Amino acid sequence: MVTSVQFWILAVWCVSVALGEFTYRDIFSSDSEALLHAIIKPPNKAEKLQQLLATMPPSSTYKLKITHNTASKPITPSNNVIMTAALSSTYTARDVSHFVGTARRTGFKGDIVVAILDKIEDKTLQRLYRFNATVLTVHDTACSGRDNILCTFMGRADIPVTLLRFFVFQDLLARYSPQSKVLLSDFRDVIFQSDPFRYKPLMNVWQRSNQIFMFQETHPNRVINRDSQNLYWISLCYGNGVARTIGTNTISTSGLIMGSRDAALAYSFLITTQMNPALRNMYNETLPDDHNCMRFGVDQGFHNVLLYQQVFSKFLDVKLYAQDSAWGGAV
C-alpha cells in the first residue's frame, strides 16, 4: 500500500517531469549511460574497428611528406589497390618487372601503388611508368642497405624499412574509399600468377568492412620456436615468456595482408603502435619502459604477437590461411 508520504513524493516527481524540471538524466550521468550500454550491448567487431580508426592520429602527425609523381597513373580512390613500399635506391627495373609487370599480366586493372624514395634509378622509375603503376615519393627520409635497410624517421636513424612502410601505408590508404579492397605486399620477393581480387572463395566475404586475410608459412618446419630469427624478434621485443606462449604456432608473414580498406588501415596502425615499449610491456612487465627492439624485420614479430595473442581479432574478422591453401603462398 502506498503511504501518503510516498504518494506526495511520487506526485512531486511526476509534476517535475511534466514541467521539464527533472529527467532521468539527473539520475544517470552520460558516463554511467555509456558504461551500462557497453555492458548490456557491447560493440561488435565492426563497431570496435570504427572506434579504433577514430582514435588514429592523422597522417600529418608523422610528418611524412609524400607526393604523387605526376608522370605516373593517378590514384583512383574507388579502385581496388595493390600497395607496396620500394623504399630503397637499390631496387632495379627487373624488380619492378617481377612485381608490377606480373600483376598487370594477370589482367588486374586497379591501382598498383608503389612508394619510393626520392633517389631512385631513372631506369627503375621508367619501368614503373611503363607498367602503369601509381608512384608516390617519400621525401626527407633516408634509407640505406639492400637486405638490412634502416631509415631515418621521427628523429631516429634505426627504423627498419619494413616498419616504416606501415606509416606510409596509413597515409596512402587514407586516400582510398572504405569500399576499396586492398593487398599490402612486400616488393622484391613477390610475383603474381592471377588477379588476387578475383579468387572465388574470398568473394563471399568481401562485403565485411572488417575482413582481413593473413597467411602462414610452411608447417611444421616454419614454427615460431623452431625458427631462430622469428623467435629472436619476439623474445627481444616481448620477452621469453611471450615467445614461449605463442612459440608452437606456425609463423605468419607480415609481408602479405589482404582486406578491406578499413581493415588494412587498422592493421597498419596496430603494427606501428608496437613501437611504444609501454604497449609491448602489457605482455611482459619485466621489460624496461625505454626498451628498444628496433631491428630489421621486427614488424613480423609484432604481427605474430598481435595475431596469436588475439589482438587483431578484437577488431577484425581474421581469416588465417595455411601455406598453399589459398591464392597466396608464403615461403
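Our structure is the block above this text.
Scope of this entry: the structure provided in the associated data block.

A few words on unusual backbone geometry. The phi dihedral of Lys63 falls on the positive side, at around 55 degrees, and the residue is not glycine. Position of Lys63 relative to the elements: it lies in the loop between helix H3 (45-55) and strand S1 (65-68). Assessed through its relative accessible area of 75%, Lys63 is described here as exposed. Its identity is not glycine, yet Asn132 carries a phi of approximately 60 degrees, on the positive side. Position of Asn132 among the secondary structure elements: in the loop between helix H5 (122-130) and strand S4 (134-139). Overall, the relative accessible area of 38% leaves Asn132 in the partly exposed class.

The subject of this paragraph is the state of the cysteines. Enumeration according to the criterion identifies two disulfides in this entry. With its sulfur 2.0 Å from that of its partner, Cys143 forms a disulfide with Cys151. Taking the sign of the S-S torsion, about 110 degrees here, the bridge from Cys143 to Cys151 comes out right-handed. Here the two residues Cys143 and Cys151 agree in accessibility, since each one is buried. Residue pairing for Cys237: its cysteine sulfur links by disulfide to Cys293, the two sulfurs lying 2.1 Å apart. Its S-S torsion of approximately 100 degrees makes the covalent link between Cys237 and Cys293 right-handed.

Two side chains carrying opposite charge are able to pair once their charged atoms lie near each other. For the structure shown, the criterion picks out nine salt bridges. With a shortest N-O distance of 2.6 Å, Arg222 and Glu217 are connected by a salt bridge. You can call Arg222 partly exposed: its relative accessible area is 25%. Look at Glu217 and you get buried, because its relative accessible area is 6%. Connected through salt bridges with shared partners, the residues Arg165, Asp186 and Asp299 form a single ionic network.

Turning our eyes to something else, we now look at the sheet that holds S1. Strand order across the open sheet formed by eight strands is S1-S4-S3-S2-S8-S10-S9-S11, with mixed pairing between neighbours. Each edge of the open sheet carries a strand with a single partner, namely S1 and strand S11 (317-321). Each neighbouring strand pair of the sheet contributes to a mean axis angle of 20 degrees, computed without reference to strand direction. Strand direction decides the pairing type here: strand S2 (residues 81-86) and strand S3 (residues 111-117), joined by six bridges, are parallel. Bridge pairing in S3 places Thr84 opposite Val114.

Turning our attention to the packing of aromatic side chains. This model, assessed by the stated rule, comprises twelve aromatic pairs. Site record: aromatic cluster; members linked through ring pairs are Tyr91, Phe99, Phe187 and Phe192. Between Lys319 and the ring centre of Tyr321, over which it is positioned, the NZ or CZ distance is 5.3 Å.

For Arg94, the location among the structural elements is in helix H4 (residues 93-105). Taking the relative accessible area as the measure of exposure, Arg94 reaches 62% and is therefore exposed. Taking the C-alpha atoms as reference, Arg94 lies 9.7 Å from Lys123; in sequence the two are 29 residues apart.

One open sheet holds the three strands; their spatial order is S5-S6-S7, and the pairing between them is antiparallel. Either end of the sheet is taken by a strand with one partner, and the two such strands are strand S5 (143-144) and strand S7 (156-160). With three bridges joining them, strand S6 (residues 150-153) and S7 adopt antiparallel strand pairing. Paired with Phe153 across the two strands is Arg156, which belongs to S7. Packed onto the sheet, helix H6 (residues 161-173) meets S5, S6 and S7 and runs at close to 90 degrees relative to S7.

Burial runs high along S2: six of the six residues are buried. Burial along S2 is two-sided: the residues Val81, Met83 and Ala85 and Ile82, Thr84 and Ala86 are all buried. Taken together, S2, H4 and S3 form a β-α-β motif whose crossover is right-handed. Relative to strand S8 (residues 181-185), S2 runs parallel, the two sharing four bridges. Looking at S8, one finds that Ile82 is bridged to Leu183.

What follows covers the packing of H4 against H5. Two elements in contact, H4 and H5, have axes separated by 8 Å at closest approach and are oriented at 20 degrees. Judged by the inter-axis angle, H4 sits roughly parallel to H5. Helix-helix and strand crossings are classified by hand; for H4 and H5 the assignment is right-handed. Where H4 approaches H5, its residues Ala93, Arg94, Val96, Ser97 and Val100 are matched on the opposing element by Lys123, Thr124, Arg127 and Leu128. Class assignment of the residues belonging to the contact of H4 with H5 gives a composition of four nonpolar, two polar and three charged.

What counts and what doesn't
Residues numbered from 1 in each chain as written. Predicted model: local features only at pLDDT ≥ 70, side-chain atom pairs only at ≥ 80, totals over all residues. Heavy atoms only, no water. Helix = DSSP H or I, 4+ residues; strand = E, 2+ residues; numbered from the N terminus. Buried < 20%, exposed > 50% of the residue type's maximum accessible area, 1.4 Å probe, protein only. Disulfide = S-S within 2.5 Å. Salt bridge = Lys/Arg side-chain N within 4 Å of Asp/Glu carboxyl O. Pairing = 2+ DSSP bridges. Axes fitted to C-alpha atoms, helices over the stretch in contact; angles between N-to-C directions. Phe/Tyr/Trp six-rings, centres within 6.5 Å; stacked < 30°, edge-to-face > 60°. Lys NZ or Arg CZ within 6 Å of the ring centre and 35° of its normal. Contact = heavy atoms within 4.5 Å. Right-handed = clockwise from strand over helix to strand, strands pointing away. Parallel < 35°, antiparallel > 145°, perpendicular 65-115°, else oblique. Left-handed = near helix turned anticlockwise from the far one by under 90°. Nonpolar A, V, L, I, M, F, W, Y, C, P; charged D, E, K, R; others polar.

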